[in-house]
Amino acid sequence: MSRAQIWSLDAERPALDPLTEAAQLLQNGGLVAFPTETVYGLGANALDPKAVAGIFRAKGRPSDNPLILHLADAADLARYVARVPHSAQLLAAQYWPGPLTLVLPKSERVPDILTAGLPNVALRVPAHPVARALIRAAGVPLAAPSANTSGRPSPTDAQHVIEDLQDRIDGILDAGPVPIGVESTVLDLSGTVPVLLRPGGVSLESLRNLLGEVHTHRAIRGQEVAVAQAPGMKYRHYAPEGKLTLVEGPPEQVRAWILKVCGEKDNAVERIGVLSTSADFVVPGVEMRWMGADAESIARQLFRLFREFNGLGIQRIYAEGIDEAGMGMAVMNRLRKAAAQIIEL
Ligand code: TXA
Ligand code: MG
């Protein structure tokens, strides 16, 4: 396949011409990467099984891992699900457009390849102006996973998409870095009690405020699960190339542990990187990166830092854990999934 066409456009007021050209590619069965408020997505016409198959091929994604259907408007939800429960109406009114994905029994309009043969479909209405304008211009809902090669960190900037997929897709809409940096919250509404399948841009606390009882899937905390509710959960994800050790516990103890372990290693033999929650923490002789002052800033930086360490050839990474309140839950979920080893102090 030829190289993707790349358009640069303004995130708030995207120009019409690139959107029209990108929409035409999508209507012709092509693959176009575009920014959402969470991460960049790799879009295809969700109603065209051949185009959707192209997404799995381009990403090297296992065919049993279903895709999210992206809508321009919450009003379109009823077309693609068998029924719209009251909880979905409440959530859509509160969080759409925004970083929340709902899982519901699908309607017949949704092709089986999109849901990997499952009876349920995942849907969301993204908030990014470019994403909304593109879906509108295409006139069809878009299937869109994160626009990375399967297993690599999700792309938070167009440059990451170019690194992974430029030779395998038709177009890339570049509107600069995304505002949130981790993927949407995935909430399963197909059963009697809502189940959080993936923590993300909308916090568990705020979902519980609105809905009352919300269960969390056990795969969110653990690392490996044999049988997963969200099929994507059983795969190792988001991983940097370096072996990541996540160190959890009181910050002072965590830093003392990292300092000691790094002191025992020879950075000439193995290149080491440290991801810290403190701007002042220094470990001599290793690549230090400050992840940010709060969970939101850390979410915005995390995948970019993974890729930066890849670029530097970092072979071993030590990352400090953070508090799981609010967006902290999404950050810790991504760190645990990326981790080869977890130390609890
Ligand atoms: O923020 C996001 O959600 C981004 C942007 C591009 O919208 N998309 C994204 O898609 O993260 P992807 O494919 O990388 O992750 C989708 C997750 C996977 O864990 C998948 O298994 C789960 O949603 N999922 C999709 N359809 C599902 C279904 N029918 N039932 C349960 N889980 C589903
Ligand atoms: Mg993904």
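The shown structure was predicted, so the numbers you read here are calculated from the model rather than taken from an experiment.

Asks: Residues and numbers for the packing of helix α4 (residues 86-95) against helix α7 (residues 204-211), please.
Replies: Their axes nearest at 11 Å, the elements α4 and α7 cross at an angle of 125°. By the angle class used here, α4 and α7 are oblique. Here the hand of the crossing between α4 and α7 comes out right-handed. Facing Ser87, Leu90, Leu91, Gln94 and Tyr95 of α4, the residues of α7 in contact are Ser206, Leu207, Leu210 and Leu211. Counted by class, the contact of α4 with α7 contains 6 nonpolar, 3 polar and no charged residues.

Asks: I'd like to hear about the pairing of strand β13 (residues 272-276), residue by residue, with values.
Replies: Burial analysis of β13 places 5 of its 5 residues in the buried class, the great majority of the element. Residues Ile272, Val274 and Ser276 point to one face of β13 and Gly273 and Leu275 to the other, with burial holding for every one of them. Two strands pair when backbone bridges link them, and β13 and strand β15 (residues 316-320) are joined in this way by 4 bridges, in the parallel orientation. Bridging across to β15, glycine 273 finds its partner in isoleucine 317. With 4 bridges connecting them, β13 and strand β14 (residues 287-290) associate as parallel partners. Opposite serine 276, over in β14, you have tryptophan 290 as the bridge partner.

Asks: Explain helix α6 (residues 158-165) residue by residue, including any values.
Replies: With 6 of 8 residues buried, α6 is to be regarded as a mostly interior element. Ala158, His160, Val161, Ile162, Asp164 and Leu165 are the residues of α6 that are buried. Lining the buried residues of α6 we find β1 (5-8), β2 (32-35), β3 (40-45), α2 (49-59), β8 (171-174) and α9 (295-311).

Asks: Break down the sheet that holds strand β12 (residues 243-248) for me, with residues and values.
Replies: In space, the 5 strands of this open sheet follow the order β14-β13-β15-β12-β16, with parallel pairing throughout. Two strands close off the open sheet at either side, each with one partner strand: β14 and β16 (341-344). Neighbour-to-neighbour, the strand axes of this sheet turn through a mean angle of 20°, independent of strand direction. Contacts from α9 reach β12, β13, β14 and β15, with the element oriented near 165° to β14. Packed onto the sheet, helix α10 (residues 328-338) meets β12, β15 and β16 and runs at close to 135° relative to β12.

Asks: So what's going on with unusual backbone geometry? Which residues, and what values?
Replies: Proline 97 follows tryptophan 96 through a cis peptide bond whose omega is -5°. As for its position among the elements, proline 97 is in the loop between α4 and β5 (100-105). Within the chain, alanine 116 stands out as a residue other than glycine whose phi angle is a positive 55°. Residue placement: alanine 116 occurs in the loop between β5 and β6 (120-124). Residue alanine 116 is classed as partly exposed on the basis of its relative accessible area of 25%.

Asks: Hey, could you go over the nonpolar core for me, with residue numbers and the actual values?
Replies: One finds Leu42, Leu69, Leu100, Ile169, Leu173, Leu187 and Leu207 to be the most contacted residues of the largest nonpolar core, which totals 67 residues. Ignoring anything within four residues of it in the chain, the contact list for leucine 187 reads Leu91, Leu100, Thr101, Leu102, Val103, Pro194, Val195, Leu196, Leu207, Leu211 and Val214. Membership of the second largest hydrophobic core comes to 25 residues, among which are Ile298, Ile314, Val331 and Ala339.

Asks: Please give an account of the pattern of salt bridges that cites residues and values.
Replies: This structure, assessed with the given rule, holds 18 salt bridges. A salt bridge links aspartate 167 to arginine 3; its shortest N-O distance comes to 3.0 Å. Of this pair, aspartate 167 sits in the loop between α6 and β8 while arginine 3 sits in the segment before β1, placing them 164 residues apart in sequence. A salt bridge links arginine 271 to glutamate 287; the shortest N-O distance between them is 3.5 Å. On the criterion of sequence distance, the pair formed by arginine 271 in the loop between α8 (251-264) and β13 and glutamate 287 in strand β14 is long-range, its members being 16 residues apart. On the basis of relative accessibility, which here comes to 23%, the residue glutamate 287 falls in the partly exposed class. The network of salt bridges with shared partners includes Arg152, Glu163, Asp164, Glu241 and Arg307.

Asks: Please set out the side chain of threonine 185 residue by residue, giving values where relevant.
Replies: Along the chain, the position of threonine 185 falls in strand β9 (residues 185-188). Within the structure, threonine 185 has its side chain in polar contact with the backbone oxygen of valine 202 (distance 2.6 Å). Residues contacting threonine 185, with those up to four places away along its chain left out, are Pro99, Leu100, Thr101, Leu196, Arg198, Pro199, Gly200, Gly201, Val202 and Leu207.

Asks: Which residues make up the packing of aromatic side chains, and what values do they have?
Replies: What characterises a pair of aromatic rings is the spacing of the ring centres plus the angle enclosed by the ring planes. A complete count under the given rule lists 2 aromatic pairs for this structure. Taking 6.0 Å as the distance between ring centres and 65° as the angle between the ring planes, the aromatic pair formed by tryptophan 257 and tyrosine 318 counts as edge-to-face. Here tryptophan 257 is found in helix α8, whereas its partner tyrosine 318 is found in strand β15, with 61 residues between them in sequence.

Cut-offs applied
- Residues numbered from 1 in each chain as written.
- Chains lettered and ligands numbered in written order.
- Predicted model: local features only at pLDDT ≥ 70, side-chain atom pairs only at ≥ 80, totals over all residues.
- Heavy atoms only, no water.
- Axes fitted to C-alpha atoms, helices over the stretch in contact; angles between N-to-C directions.
- Helix = DSSP H or I, 4+ residues; strand = E, 2+ residues; numbered from the N terminus.
- Parallel < 35°, antiparallel > 145°, perpendicular 65-115°, else oblique.
- Left-handed = near helix turned anticlockwise from the far one by under 90°.
- Contact = heavy atoms within 4.5 Å.
- Nonpolar A, V, L, I, M, F, W, Y, C, P; charged D, E, K, R; others polar.
- Buried < 20%, exposed > 50% of the residue type's maximum accessible area, 1.4 Å probe, protein only.
- Pairing = 2+ DSSP bridges.
- Core = buried A, V, L, I, M, F, W, Y, C linked by side-chain atoms within 4.5 Å.
- Salt bridge = Lys/Arg side-chain N within 4 Å of Asp/Glu carboxyl O.
- Polar contact = N/O pair within 3.5 Å; in protein donor to acceptor, adjacent residues only side chain to side chain.
- Phe/Tyr/Trp six-rings, centres within 6.5 Å; stacked < 30°, edge-to-face > 60°.

Everything listed here is a matter of coordinates, which is why it stays silent on function.
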